[in-house]
Every structure is written in structure tokens, then in C-alpha cells.
Amino acid sequence: MTLIPTDLSAVRISEAVRDPNREIAASSRVIDLSVGIVVCVPCFRRPQHLRLTLESLTNQRTPRSFAVVMVENDAVRRESAPVAAEFLAEGRLQGVCLIEKRQGNCQAINAAFETAQELFPAATRFLMIDDDEIASPDWLELMVRTAEATGADVVGGPVLPVFDDDSKPWLSRHPAFCPAYDYSGAVPLIYGCGNCLITRAAFERFDRPAFDLRFNFLGGGDCDFFVRCRDAGMLFHWTAEAVITETVPRNRTSLGWIAKRGLRIGAINYRVQYKAARSAVARVRVFAQMLGRLPLSLLRAVALLPSSETVVAMHPVMVAFGAALAALGLEPKPYEASKIAS
């Protein structure tokens, strides 16, 4: 174990955060540079919920030592930084909180993973949880144990929604809120980093930034990264027992928001597949496929209507329409600060 007080590690921290657009807002009194596990937490305008997220990390049932790297992505208001500083100053968590001045989903995630790799050179496993999520007590232990047992490069787990609006029981069955898998085992791909573990070796296969900034305001940089991991031959594993819960406010369960979510999923699907196409012919094929899915999605919606709520049945149509709009150069930018409610 390599324990050093933060006043002596100031040089070490500054070396890890060389980017002029990043600055350290807080650090724990003592940092163990020998930890093998780091949990990354991107933060943006949810200080009350961030407290719940960090509480869940302090309550992890594991004998393993781990550090935390939190990234405040609102350089003006900085509402998350005081909460992070409190947990670090009290020694409830060890690590750092930094400010990423460039706003956007991929900017914040890249800042977290890059700082974690630089500041903790012995770390080989990097987990992520969002600031609107709560980790179950055995989450970290189960994720790391799975990585050890399987040799997977990437481990994923379910993010189960907890809705503020309990008047719509069908919400939990909507594809926008369902986990990708309902079993533990090897899987071909995971799609999001809200509950994931990525090995250092996986990051080292790619140039930085790992999360493509072209997805910065659309979202989907995680899906793009995992597709590239799959194409590089990496192994994925799903751990259904490593549960994270996500608090879903009422403004994210309105019909309008759900429709926009479908459009965004379609746009992400198109952008990821178009980027992966390696030739002009392949890109034309992706374009044609996306446009061709519109009529097929209508047939699928009609087939779903007898057994599903209308909004659930219409999800394939919204996804196909979002992909078609993206193919025509029109896509949403939900991660722009001006479009995010506090």
C-alpha cells in the first residue's frame, strides 16, 4: 500500500491533470496510489442525488480498497463539487473531484477515466456510476469478481429504474428503461456505461479520447466505444446481480420525453453504424437500411399494439424515425447544458 497525504501528492495530482481545461476542486487527505480499482462519477447539476450516489459507494460490502474520481461538468455553478468535497474531506471516500470546463457527456466521461488512469497507476479496473444512480451494497464486489473470474475486458450490469411517477406501471416495460439482458453470462455487447467495468487493457487498445467527442451532445459515445471494443475482439460479460438503481423524475416519463428518447436512440444507432462502416459502399448500405426500417417499424408497432401500451408499441417507429432524421443530418443534442434541466 502506498499512502501519501494530499499535500505531498499535489505534484502527483497536477501531473495527472495536465489538461488546462481541467482543475482539481477537492481531494481526500490521504490517497492510496496502489489501489487497483477506481470508480468514476460524472456529475452535472444533481447535488442532492449525488449525495445518495456517494452514500451508496461508502456502503459497499467489499474488502477491496478503491478510489473515486468525480467530475463536475458545470464549471460555472459547480453545485456537485461541495458535496464531493465533503465526502473526501471526511475520509468517507478517497480520491479527487475535478472540474471539466468543456461541457458535454463525452468530455466529462473522458475526464473521469483519463484522470483515474493517470492518478492511480496500479489500477487495472475502472467502474462508472452516474450521479442519478444508487449502487446496491454488493455492486462493486460482484463486478470486480466477475472480471477476475471471466477475464472479460468489459463487464456490464443492470440499471433498474425507480420512477417518481408511480401512476404508469407500464413504464418499467418500455424498451427505453429495460436492461439489455436479464441473465448473467457472456454477452456480445453492452450498450451503456451507467453500470460498467472497463479494464485498463481495454483503454490501452485505443487512442485518446476513448469516448468520441462527435457524440458529446447527442450521447452514445459509450455505445460507440463498446462497439469498437467488440470489433477489436474483446470479451463482454453481464452480471445481473450487480444492480444499480436509477431515479427517474417525472419530467423523464412524459410522453414527449419518451418520444424524444426513441428519436435519440435511433440517431445514436445510425451514427455508430455509419462510423463503423469502412467504405463508401458500406456507408450507403447503412443509409439505405436506416431509411428502409421506417415502414418495417410501422408493421412492428401494429403487431405490438394488441399487447402493449400505445407508447410502448410506438417505440420502434420513433427509433426508426430518429435514425432516418440522423441520416438526413438532423439529430438532437440533449447533452447541451441549455437543454438539461437542473
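Whatever comes next refers back to the structure up there.
In this report, the structure presented in the accompanying data block is examined. Within any chain, residue numbers begin from 1 and follow the written order of that chain's sequence. Given that the model is predicted, a residue must reach a pLDDT of at least 70 before its local features are reported, and side-chain atom pairs must reach 80 or more before they are shown or counted; all residues, however, enter totals for whole chains, interfaces and linings. The basis for every side-chain value is the complete set of heavy atoms in the structure, and neither hydrogens nor water enter the calculation.

Looking at the secondary structure, you find Arg18 in the loop between helix H1 (10-16) and strand E2 (22-27). Three labels apply to residues, based on accessible area from a 1.4 Å probe with only protein chains included: buried if under 20% of the type maximum, exposed if over 50%, partly exposed otherwise in between. Overall, the relative accessible area of 67% leaves Arg18 in the exposed class. Each C-alpha atom of the pair Arg18 and Thr115 lies 9.4 Å from the other, and the pair is 97 residues apart in sequence. Only DSSP runs of H or I covering at least 4 residues are called helices, and only runs of E covering at least 2 are called strands; the numbering of each starts at the N terminus.

The next thing to look at is the sheet that holds strand E14 (residues 244-248). In a beta sheet, neighbouring strands are held together by backbone hydrogen bonds and run either parallel or antiparallel to one another. The strand order across the open sheet built from 3 strands is E8-E14-E10, with neighbouring strands paired in mixed fashion. The outermost strands of the open sheet, each flanked by one partner alone, are strand E8 (133-135) and strand E10 (159-163). Taking the axes of each pair of neighbouring strands and ignoring which way they run, one obtains an average angle of 30° across the sheet. Pairs of strands are assigned from DSSP output, requiring at least two bridges between the strands. Across 5 bridges, the pairing between E10 and E14 is parallel. Directly across from Val159, in E14, lies its bridge partner Ile244. In this analysis, two residues are considered to be in contact whenever any of their non-hydrogen atoms come within 4.5 Å of each other. Fitting a line to C-alpha atoms yields each axis, with helices limited to the stretch in contact; the angle taken between N-to-C directions then spans 0 to 180 degrees. Each of E8 and E14 is contacted by helix H2 (residues 47-58), which is oriented at about 15° to E8, the strand it contacts most.

Across the interface, helix H8 (residues 255-276) lies against helix H11 (residues 315-327) with an axial gap of 6 Å and an inter-helix angle of 50°. The angle between the axes of H8 and H11 places the two elements in the oblique class. The handedness of the crossing between H8 and H11 is right-handed. Mapping the contact onto sequence places Ala259, Gly262, Leu263, Ile265, Gly266, Ala267, Asn269, Tyr270 and Arg271 in H8 and His315, Met318, Val319, Phe321, Gly322, Ala323, Leu325, Ala326 and Ala327 in H11. Residues were grouped as follows: Ala, Val, Leu, Ile, Met, Phe, Trp, Tyr, Cys and Pro as nonpolar; Asp, Glu, Lys and Arg as charged; and all remaining residues, including Gly, as polar. Along the lines of polarity and charge, the residues of the contact of H8 with H11 split into 12 nonpolar, 5 polar and 1 charged. Small angles under 35 degrees read as roughly parallel and large ones over 145 as roughly antiparallel, with 65 to 115 read as roughly perpendicular and the rest as oblique. By definition, turning the near helix anticlockwise from the far helix through less than a right angle yields a left-handed crossing, and turning it clockwise yields a right-handed one.

Moving on: the sheet that holds strand E13 (residues 236-238). Taken together, 9 strands build an open sheet; the order of strands is E2-E6-E5-E4-E7-E12-E9-E13-E11 and the sheet is mixed. Looking at which strands have only one partner, the edges of the open sheet turn out to be E2 and strand E11 (185-187). Strand-to-strand twist across the sheet, computed as the mean angle between neighbouring axes with direction ignored, equals 25°. As judged from the 3 bridges shared by strand E9 (residues 154-156) and E13, these two strands associate in the parallel manner. What sits directly across from Val154, in E13, is Phe236. Here helix H5 (residues 139-150) sits on the sheet and contacts strand E4 (37-43), strand E7 (125-129), E9, strand E12 (195-199) and E13; the angle it forms with E7, its principal contact strand, is near 140°.

Here the focus is the side chain of Glu114. Structurally, Glu114 is set in helix H4 (residues 105-119). Among all residues touching Glu114, those that are not within four sequence positions of it are Arg22, Arg208 and Pro209.

Let's shift gears to H8. By this rule, a helix spans an expected 1.5 Å times one less than how many residues it contains. End to end, H8 covers 32 Å across 22 residues, agreeing with the expected 32 Å (1.5 Å per residue, within 8%). Buried within H8 we find Ile258, Gly262, Arg264, Gly266, Ala267, Ile268, Tyr270 and Val272. Considering only its buried residues, H8 is in contact with helix H7 (221-231), helix H9 (280-304), helix H10 (310-313) and H11.

Attention now moves to the packing of aromatic side chains. Geometry of aromatic contacts follows a simple scheme: Phe, Tyr and Trp rings, the Trp one being its six-membered ring, pair when their centres are within 6.5 Å, and the pair is stacked under 30 degrees between planes, edge-to-face over 60, tilted otherwise. Under the criterion given, the structure shown has 13 aromatic pairs. When the ring of Phe113 is compared with that of Phe211, the centres are 5.9 Å apart and the planes differ by 15°; the resulting orientation is stacked. Of this pair, Phe113 sits in helix H4 while Phe211 sits in the loop between helix H6 (200-204) and H7, and the two are 98 residues apart along the sequence. Where Phe226 meets Phe236, the ring centres are 6.3 Å apart and the plane angle is 80°; that geometry is what we call edge-to-face. Here Phe236 lies in strand E13 and Phe226 lies in helix H7, a separation of 10 residues in the sequence. Judged on exposure class, the residue Phe226 and its partner Phe236 are both buried.

Our focus in this paragraph is the nonpolar core. One recurring pattern in soluble globular proteins is that nonpolar side chains are buried together. With 59 residues, the main nonpolar core has Phe113, Phe120, Phe211, Phe225 and Phe226 as its most contacted residues. Counting residues per element, this core draws most heavily on H4, which supplies 8 residues. Excluding its chain neighbours within four sequence positions, the residues that come into contact with Phe113 are Cys40, Phe126, Leu127, Met128, Ile198, Phe203 and Phe211. For the purposes of this section, nonpolar cores are sets of buried Ala, Val, Leu, Ile, Met, Phe, Trp, Tyr and Cys residues that join through side-chain atoms within 4.5 Å. Formed by 32 residues, the second largest nonpolar core is a distinct cluster that contains Leu54, Trp139, Leu197 and Ala242.

Turning our attention to H2. Spanning 12 residues, H2 covers 17 Å between terminal C-alpha atoms, matching the ideal 16 Å at 1.5 Å per step. Taken together, the buried positions of H2 are Pro47, His49, Leu50, Thr53, Leu54, Ser56 and Leu57. Across the axial projection of H2, the buried residues extend over an arc of 160°, all falling on one side. The arc in question is formed by the directions pointing from the helix axis toward the C-beta atoms.

What follows is about a nonpolar patch on the surface. Patches were defined on residues exceeding 30% relative accessible area and lacking a salt bridge, with like-charge contacts within 9 Å and nonpolar side-chain contacts (Val, Leu, Ile, Met, Phe, Trp, Tyr) within 5 Å. Accessible surface area values rest on a Shrake-Rupley calculation with a 1.4 Å probe, where residue burial reflects the displayed protein chains alone. By salt bridge we mean one thing: a side-chain nitrogen of Lys or Arg within 4 Å of a carboxyl oxygen of Asp or Glu. Residues Phe287, Leu291 and Leu328 make up a contiguous nonpolar surface patch of roughly 260 Å² in combined accessible area. On the secondary structure map, Phe287 appears in helix H9. Here Phe287 falls in the partly exposed class, since its relative accessible area comes to 30%.

Coordinates in, geometry out; function isn't part of it.
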